[in-house]
Amino acid sequence: MSILPSPVSKYTGYAGRTAVFICAALVLAACQTKPSYVEKHSIADFDYRKRHPILISEVPENLDIPVSGDVRTINGSMKNAVAAFGRQSKEDGNGFVEVLVPSGSANEAAVRAISPQIRAALKDGGVSASHIVMRTYPVSDMSASAPVRLSFMRMRSVVRNCGNWPNAMNGTPENGDYHNFGCATQANLAAMVDQPADLLRPRPQTPADAERTKVILTKNREGQATPGKYIYGVGAQVSSF
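This structure is a prediction, so every number in the text was calculated from the model and none was measured.

**Focus: the packing of helix 4 (residues 76-92) against helix 5 (residues 108-124)**
Now for step 1: Between helix 4 and helix 5, the least distance of the axes is 7 Å, while the angle of their chain directions is 50°. One way to sum up the angle between helix 4 and helix 5 is to call them oblique. As helix 4 packs across helix 5, the resulting crossing turns out to be right-handed. Across from Lys-79, Val-82, Ala-83, Gly-86 and Arg-87 in helix 4, the residues of helix 5 making contact are Ile-118, Ala-121, Leu-122 and Asp-124.

Rendered as structure tokens:
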């Protein structure tokens, strides 16, 4: 005599197999959706130049001129410094120089006396009269002798947030760099760059020497040696001392 399975036992078997399939699918999905450490990070993530980039920004370049209350003329060294500041404003800035003079200070009369001399020194440095902007700034202490400030805007390369140690120098399982790694190197490079615009684009090449090019091509066609000749002379011998 054969015993037929009941509907309840059939349902239980189907439900069990279905549960197994669902669990297997979830496990596979979890394995596929959870990326590995290599997949989450690239080589650029470990580049200190990306973590501490050199930023090109426009910042003011200042020159403060101390003025005492009894001064009525500026000396020669100060004139040279002001003229050099004017030349720098043309080379590194847009040629405009802002002259900030104090108002309400103890040396206000002295500042009014030397202001035309400062303008003349800036003109000696190549700054046109239309590019010299005179402004005043208030001084709250009437007994103070405030300086005259010369200022122009220039491009400067900087690195920010150096010295940040969120995790000290603790090691990581991935053997990654600590956060402040490379920041000092980037900051030193930014400080040494004479023209920050060189970090954005290369400078244009100078025109080729047409006469020298003609000489080289002529020698090349005639089969002659094109490099220059080294002539032995004084200083060519090695010292015996």
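**What to know about the packing of aromatic side chains**
Now for step 1: Applying the stated rule across the entire model yields four aromatic pairs.
Now for step 2: Plain terms: the ring middles of Trp-165 and Tyr-178 are 5.4 Å apart, the flat faces sit at 15° to each other, and that makes the pair stacked. Here Trp-165 is found in the loop between strand 4 (148-158) and helix 6 (183-192), whereas its partner Tyr-178 is found in the loop between strand 4 and helix 6, with 13 residues between them in sequence.
Now for step 3: The exposure class assigned to Trp-165 is partly exposed, which follows from its relative accessible area of 41%.
Now for step 4: Within the aromatic cluster, the residues linked to one another by ring pairs are Tyr-48, Trp-165, Tyr-178 and Phe-181.

**Let's talk about the nonpolar core**
Within soluble globular proteins, side chains that are nonpolar tend to cluster in buried spots.
Now for step 1: Core analysis: the largest hydrophobic core is formed by 19 residues, its most contacted members being Val-99, Ile-118, Leu-122, Val-148 and Leu-150.
Now for step 2: When residues of this core are traced back to their parent elements, those giving at least two are helix 4, strand 2 (97-103), helix 5 and strand 4.
Now for step 3: Examining the composition of this core, we find that six residues originate from one element, helix 5, more than from any other.

**Some details on the sheet that holds strand 1 (residues 55-65)**
Now for step 1: A sheet is described by the order of its strands in space; here four strands give the open sequence 1-4-2-3, paired in mixed fashion. Lying at the two open borders of the sheet, with one neighbouring strand each, are strand 1 and strand 3 (132-138). Geometrically, the sheet is characterised by an average inter-axis angle of 30° between neighbouring strands, direction not taken into account.
Now for step 2: Where strand 2 meets strand 4, three bridges bridge the pair, whose relative direction is antiparallel. Bridge assignment links Val-99 to a residue of strand 4, and that residue is Leu-150.
Now for step 3: Contacting strand 1, strand 2, strand 3 and strand 4, helix 5 runs over the sheet at an angle of about 170° to strand 2.

**Let's talk about the confidence of the model for the chain**
Any residue range with low pLDDT should be treated as having predicted coordinates unsuitable for detailed reading.
Now for step 1: Mean pLDDT over the chain: 81, with 74% of residues reaching 70 or higher.
Now for step 2: The least confident element of the chain, judged by mean pLDDT, is helix 2 (residues 37-40) at 53; the most confident is strand 2 at 94.

**Thoughts on helix 4**
Now for step 1: Between its first and last C-alpha atoms helix 4 spans 24 Å; for 17 residues at 1.5 Å apiece the expected length is 24 Å, and the two agree.
Now for step 2: Inspection of helix 4 places Val-82, Ala-83, Phe-85, Gly-86, Ser-89 and Asp-92 among the buried residues, and these make up the whole buried set.
Now for step 3: Turning to helix 4, the residues buried within the fold contact strand 1, strand 2, helix 5 and strand 4.

**Re the state of the cysteines**
Now for step 1: Summed over the entire model, instances satisfying the criterion amount to one disulfide.
Now for step 2: Between the sulfur of Cys-162 and that of Cys-183 lies a disulfide, 1.9 Å long from S to S. Across the disulfide from Cys-162 to Cys-183, rotation about the S-S bond amounts to roughly -100°, and the bridge is consequently left-handed. One end of the pair, Cys-162, is in the loop between strand 4 and helix 6; the other, Cys-183, is in helix 6, with 21 residues separating them in the sequence.
Now for step 3: Judged by its relative accessible area of 0%, Cys-183 is buried.

Rules used in this analysis
- Residues numbered from 1 in each chain as written.
- Predicted model: local features only at pLDDT ≥ 70, side-chain atom pairs only at ≥ 80, totals over all residues.
- Heavy atoms only, no water.
- Axes fitted to C-alpha atoms, helices over the stretch in contact; angles between N-to-C directions.
- Helix = DSSP H or I, 4+ residues; strand = E, 2+ residues; numbered from the N terminus.
- Parallel < 35°, antiparallel > 145°, perpendicular 65-115°, else oblique.
- Left-handed = near helix turned anticlockwise from the far one by under 90°.
- Contact = heavy atoms within 4.5 Å.
- Phe/Tyr/Trp six-rings, centres within 6.5 Å; stacked < 30°, edge-to-face > 60°.
- Buried < 20%, exposed > 50% of the residue type's maximum accessible area, 1.4 Å probe, protein only.
- Core = buried A, V, L, I, M, F, W, Y, C linked by side-chain atoms within 4.5 Å.
- Pairing = 2+ DSSP bridges.
- pLDDT = per-residue confidence, 0-100.
- Expected span 1.5 Å × (residues − 1).
- Disulfide = S-S within 2.5 Å.

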